[in-house]
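# Breakdown of the fold
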Amino acid sequence: MRPSAVRLLNILVPVKRAVDYAVKIRVNPEQTGIDLNVKHSMNPFDEIAVEEAVRIRERLKDAVKSIKVVTIGPPKSSETLRTALAMGADSAIHVEIPESAPSPEPLGVAKALKAIIERQSEGVDVVIMGKQAIDDDAGQTGQMLAGLMGWAQATFASKVDVDAAQKVAHVTREIDGGLEELRCRLPLVVTTDLRLNEPRYASLPNIMKAKKKPLEKLTPADLGIDFTPRLETIKVTEPPKRVGGGKVENVDQLLAKLKEAGITARRA
Amino acid sequence: MLRESVKRFANEVVGPKVREMDEKESMESEIINGLFEQGLMGIETSAVHGGAECSFTSAIIAIEELAKVDPSVSVMCDVHNTLVNTILRQHGTKEQQDKWLPQLAQSKLGSFCLSEAASGSDAFALQTRAKKDGDHWIINGSKMWITNSYEAEIFLVFANVDPSKGYKGITCFIATKDMGIKIAKKEEKLGIRASSTCTLNFDDLRIPAENVIGGEGKGYKLAIEILNEGRIGIAAQMLGLAQGAFDKAVPYTYQRTQFGQPVGTFQGMAFQIAQAAVEIESARLLTYNAARRKEEGKAFTKEAAMAKYWASVIAQRVSGQAIEWAGGVGFTRETGIEKFWRDSKIGAIYEGTSNIQLQTIAKFVQKQYS
């Protein structure tokens, strides 16, 4: 794998088709998972990733050579790719797995992405992806990919500034203590956090243009990847139902209640 | 994907403003700009002219989705697309299309000016006159009940160039606000309050001769044909309205419990809800079928009249029921359910009253059976 030619960036944005954020999730009767017969859409963090790639191109203009989106999923996932194309990506890759196949796990996805990157004759300079998917909340794929590729990683990004000429990126990360600023050499994996940007709506003219953009179909065999899960889900249950709280009149009562519940203050 | 995109835009951008626009009886320019940015103001217009180059059915779907959130915004988009844009696309010369379609697709709101104080259903009894003056026409008269007129910059005005020819003198002109079109009165309405409905005055309005659309005396035929298509647009608006009211009220009935159970699960309520669902579906199929027939080049006048008539009837019924299902909460303006009922009334009146639609349908039946 070679980095791309001088000063032109190739951006790869992996996206995932997940249960829509507004759906009321229900556990299935067998308690093996959730009812998947519901509305699906692009993982919100991945939308932010696509948006960021498009904004990077708007800022750097011709310095961005290509924005490719890729997804690993059943036939319906191609809709997710079309949405990304309508937002401004140039081309798409669909690694198609059967409808009945279990959802790929982060390590499998990371390995597949590595294989895809290595297939790109012009290389990939920046991978921008969601920090986690809202269905499994794993939050591992970006980090695993960077590890497998031996690349820099900047996760939970709330600001990304790419300098194509210098081949570096300045990334602000949201961490527990506040914000961290990193200067990373390309090639780089960035994972997006909520406050990075607000994704645009796909306008009608762009939706029409998206129909003509290229979409390449691949199978796991084409990449030499086995998506067999390494984890077995034993049981899925709903969280315990909320019980009502109580109201207190003043701070003394509050303290009394807390003490009752066994919560005591500790000296700092 | 188009439906999803419009739905999202409608829910996220239009949704928060609906109540305020209704209370203030005013359309926010942010919403109008948003529609332009989304490509929703040139849905069928070709890409060459800056449009989205989508099908008629796409426009119908967009109008439906907008109406689920705000029928006022929906009708603004409908009139602009199915009346103004379509007239230019179907009857404009290449020069006229090149000049006007990009403006209409990208930034300028359009308005369709046919009705007058003394001519509504009897549209072609219009009195506005156009007199030739060299290479200009001088228009004098007044239009009433004109949608979009407060915010519009481009106006299609129907005037008679030769009253002695009766309706055969009616001609369609394209004019811009800055030619001197005056807004005489903005109506205060029961429903679709955010959609501007104004009386316009033309006082010696000078329009260049090149602004005649479709040729002198062709305005009658042009208007009849275009209103046919516009009818399907209104059907879509009423359909979206009914669905929007239904979608707002029904979930509430499964949450509100009385006598130990959600009120929506009492059989009486469940049956009403089921019936409303059937009615909405029937209006949907009438609307989509009319759109399909039009796209296939088949005659669709009867089907369009049926769709518009029926959709407006069920819109009123379902939105009225939605208020009752939500009880007291449905009666307050806060939840936005009652707004759908107020908005639905116009469906039986504009773009051809229900009686006119029935007359149209009756004529077809009579022709077929006698």
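What counts and what doesn't
- Per-chain numbering applies: the sequence of each chain, read as written, is numbered from 1 onward.
- Here the convention is simple: chains get letters from A, ligands get numbers from 1, in the order in which they are written.
- In keeping with the model being predicted, local features are shown solely for residues with a pLDDT of at least 70 and side-chain atom pairs are shown and tallied solely at 80 or more, while totals for entire chains, interfaces and linings include all residues.
- Think of the side-chain values as coming from all heavy atoms in the structure, minus any hydrogens and water.
- Only runs of H or I of at least four residues qualify as helices and only runs of E of at least two qualify as strands under DSSP, and these elements are numbered from the N terminus.
- As defined in this context, the radius of gyration uses C-alpha atoms, and a globule is described by 2.2 Å times the residue total to the power 0.38.
- Classification of residues uses two cut-offs on accessible area relative to the type maximum, computed with a 1.4 Å probe and protein chains only: under 20% is buried, over 50% is exposed, and between them is partly exposed.
- Here a residue-residue contact requires only that any non-hydrogen atoms of the pair lie within 4.5 Å.
- Here the Shrake-Rupley method, with its probe set to 1.4 Å, supplies the accessible areas, and only the displayed protein chains count as covering residues.
- The positive count covers Lys and Arg only, the negative count covers Asp and Glu only, and His and the chain ends enter neither.
- The atom standing in for a charge is NZ when the residue is Lys, CZ when it is Arg, CG when it is Asp and CD when it is Glu.
- Here the quantity called buried area is the total loss of accessible area, with a 1.4 Å probe, experienced by two parts when brought into contact, counted for both.
- Here, a salt bridge means any Lys or Arg side-chain nitrogen found within 4 Å of an Asp or Glu carboxyl oxygen.
- For a helix, the expected span equals 1.5 Å multiplied by the number of residues minus one.
- The quantity called bend is, for any residue, the angle between two axes fitted respectively to the seven residues ending at it and the seven beginning at it.
- The patches reported here contain residues having more than 30% relative accessible area and no salt bridge. Joining distances are 9 Å for like charges and 5 Å for nonpolar side chains (Val, Leu, Ile, Met, Phe, Trp, Tyr).
- To form a nonpolar core, buried Ala, Val, Leu, Ile, Met, Phe, Trp, Tyr and Cys residues must be joined to one another through side-chain atoms within 4.5 Å.
- Values of pLDDT, which run from 0 to 100, indicate the predictor's confidence residue by residue.
- For Phe, Tyr and Trp, rings pair up if their centres lie within 6.5 Å, where Trp contributes its six-membered ring, and each pair is then called stacked (planes under 30 degrees apart), edge-to-face (over 60) or tilted (otherwise).
- The rule for a charge over a ring is simple: NZ of Lys or CZ of Arg within 6 Å of the ring centre, and within 35 degrees of the ring normal.
- A pair of sulfur atoms, both from cysteines and within 2.5 Å, is called a disulfide here.
- At least two DSSP bridges between two strands are required for those strands to pair.
- Between the N-to-C directions of two axes lies an angle of 0 to 180 degrees, each axis being a line fitted to C-alpha atoms and, for a helix, fitted only over the stretch in contact.
- Buriedness of a pocket was judged along seven lines, with at least five required to meet protein on both sides within 12 Å; pockets are open sets of points on a 1 Å grid over the protein atoms alone, cavities are sets where a 1.4 Å probe fits but cannot get out, and lining residues have an atom within 4 Å of a point.
- Grid points are joined across faces, edges and corners, and a volume is the space filled by probe spheres set on the points.
- Under the convention adopted here, Pro, Cys and the residues Ala, Val, Leu, Ile, Met, Phe, Trp and Tyr are nonpolar, Asp, Glu, Lys and Arg are charged, and Gly plus all remaining residues are polar.

Moving on, we come to the overall build of chain B. When you go through chain B residue by residue, the secondary structure sums to 11 helices and 10 strands. What you see for chain B is a C-alpha radius of gyration of 21 Å, in line with the 21 Å of a compact globule of 370 residues. Dimensions of chain B, computed from the C-alpha atoms along their principal axes, are close to 80 × 55 × 40 Å. Residues classed as buried in chain B amount to 54% of the 370 residues present. Contacts in chain B between residues far apart in sequence, at least 24 positions, make up 74% of those at least 6 positions apart. With an accessible surface of roughly 15500 Å², chain B has 53% of that area assigned to carbon and sulfur atoms. Computed over 43 positive and 44 negative side-chain charges, the inter-centroid distance for chain B is 4 Å.

Across the boundary between the two partners, chain A contributes 14 residues, which contact 19 residues of chain B. Summed over both partners, the interface of chain A with chain B buries about 1300 Å², with 63% contributed by carbon and sulfur atoms. When the buried surface of chain A facing chain B is broken down by residue, Y201, L204 and I207 of chain A rank first, second and third, together holding 51% of it. Between chain A and chain B we count 2 salt bridges in total. When the shortest N-O distance is used, the salt bridge between R8 of chain B and E47 of chain A registers 3.0 Å. The set of elements that each furnish at least two residues to the side of chain A that touches chain B consists of α2 (77-87) and α5 (204-210) of chain A.

Taking 1.5 Å per residue, 31 residues should reach 45 Å; helix α9 (residues 301-331) of chain B reaches only 38 Å between its end C-alpha atoms and comes up short. Remark: the principal bend of α9 of chain B, roughly 90 degrees, maps to W325 of chain B.

To continue, consider a nonpolar patch on the surface. Where nonpolar side chains cluster on the molecular surface, the patch consists of V248, V251, L254, L255, L258 and I263 of chain A and spans about 490 Å² of accessible area. Structurally, V251 of chain A can be placed in helix α7 (residues 251-260).

The subject of this paragraph is the nonpolar core. Residues and elements named next belong to chain B. Judged by nonpolar contacts, the single largest core of 62 residues is most densely connected at I87, F112, L114, F158, I232, F246 and W325. No other element matches the 16 residues that helix α7 (residues 219-255) contributes to this core. Not counting residues up to four positions away in its chain, the partners in contact with W325 are F246, A249, V250, T253, M269, Q272, I273 and A276. In this structure, F9, I139, A175 and L200 belong to the second largest nonpolar core, which totals 47 residues.

Mean pLDDT over chain A: 91, with 96% of residues reaching 70 or higher. Here α7 of chain A stands out as the least confident element of chain A, with mean pLDDT 86; helix α4 (residues 141-149) of chain A is the most confident, with 97.

Working note: α-helix, 3.6 residues per turn, so residues spaced by three or four point in the same direction. Residue and element names in this part refer to chain A. Compared with the 24 Å implied by 1.5 Å per residue over 17 residues, the 24 Å span of helix α1 (residues 44-60) between its first and last C-alpha is a close match. Among the residues of α1, F45, D46, E47, I48, A49, V50, E51, E52, A53, V54 and I56 are the ones counted as buried. Just downstream of α1, K61 is the residue with a positive phi angle, here 55 degrees.

Overall, the coordinates contain 6 aromatic pairs over all chains when judged by the stated rule. For the pair Y201 of chain A and F9 of chain B, a centre-to-centre distance of 6.0 Å together with 90 degrees between the ring planes defines the contact as edge-to-face. Of this pair, Y201 of chain A sits in the loop between β10 (188-192) and α5 while F9 of chain B is found in helix α1 (residues 2-14), placing the two residues in two different chains. For F9 of chain B, a relative accessible area of 2% puts it in the buried group. Consider the rings of F246 of chain B and W325 of chain B, whose centres lie 6.0 Å apart with planes at 80 degrees: the pair is edge-to-face. Note that F246 of chain B is positioned in helix α7 and W325 of chain B in helix α9, a separation of 79 residues in sequence. An identical accessibility class is assigned to F246 of chain B and W325 of chain B; each is buried. Through a chain of ring-to-ring contacts, three or more aromatic side chains come together here, namely F124, Y167 and Y220 of chain B. When the ring centre of Y150 of chain B is taken as origin, the NZ or CZ atom of K186 of chain B, which lies over that ring, is 4.7 Å away. Just above the ring of F56 of chain B sits the side chain of K294 of chain B; from NZ or CZ to the centre is 4.8 Å.

It is worth spelling out the pattern of salt bridges at this point. Per the stated rule, a full pass over the model turns up 49 salt bridges over all chains. A salt bridge links K114 of chain A to E118 of chain A, with the shortest nitrogen-to-oxygen separation between them at 3.1 Å. Note that K114 of chain A and E118 of chain A are positioned in helix α3 (residues 106-119) at a spacing of 4 residues, about one turn of the helix. For K114 of chain A, a relative accessible area of 25% translates into the label partly exposed. For R206 of chain B, the salt bridge is made with D133 of chain B, and the minimal N-O distance between the two is 3.0 Å. With a gap of 73 residues between them, R206 of chain B in strand β7 (residues 197-208) and D133 of chain B in strand β2 (residues 129-133) connect regions that are remote in the sequence. Taking the relative accessible area as the measure of exposure, R206 of chain B reaches 39% and is therefore partly exposed. Among the ionic contacts, a cluster of salt bridges with common partners joins R3, K7, E64, E65, K68, E281 and R284 of chain B.

Residue and element names in this part refer to chain B. Counting across every chain of the model gives 0 disulfides over all chains. Unpaired in terms of disulfides, C54 finds its nearest cysteine sulfur in C77, a separation of 12 Å. Taking relative accessible area as the criterion, C54 reaches 8% and is therefore assigned buried.

What follows concerns the sheet that holds strand β7 (residues 152-163) of chain A. All names here are of chain A. Across the sheet, 9 strands lie side by side as β9-β8-β7-β10-β6-β1-β4-β5-β11; this open sheet has mixed pairing. Each edge of the sheet is formed by a strand with only one pairing partner; in this case those strands are β9 (178-185) and β11 (215-218). Strand-to-strand twist in this sheet, taken as the mean axis angle between neighbours without regard to direction, amounts to 30 degrees. Helix-sheet contacts for α1 involve β1 (9-14), β4 (64-73), β6 (126-130), β7 and β10, and the interaxial angle to β4 is about 170 degrees. Seen against the sheet, α3 touches β1, β4, β5 (91-96), β6 and β11 and runs at an angle of roughly 145 degrees to β4.

Leaving glycine out, the prevailing phi sign among residues is negative, and the prevailing peptide bond configuration is trans. That bond from L186 of chain A to P187 of chain A is cis: its omega, 0 degrees, falls within 30 degrees of zero. Mapped onto the fold, P187 of chain A is located in the loop between β9 and β10. Positive phi is not limited to glycine here, since F156 of chain A has a value of about 55 degrees. For D204 of chain B, which is not glycine, the phi dihedral falls at a positive 50 degrees. Mapped onto the fold, D204 of chain B is located in strand β7.

Here we come to empty space enclosed by the protein. All names here are of chain A. Scanning all chains against the criterion turns up 1 cavity of 30 Å³ or more. Roughly 360 Å³ of volume is contained in the largest cavity. Around the largest cavity sit 25 residues that line it, and K16, V109, M129, A133 and T141 are the ones nearest its centre. Mapped by element, the contributors of at least two residues to the lining of the largest cavity are β4, α3, β6 and α4. Grouping the amino acids of the lining of the largest cavity by side-chain chemistry returns 11 nonpolar, 9 polar and 5 charged.

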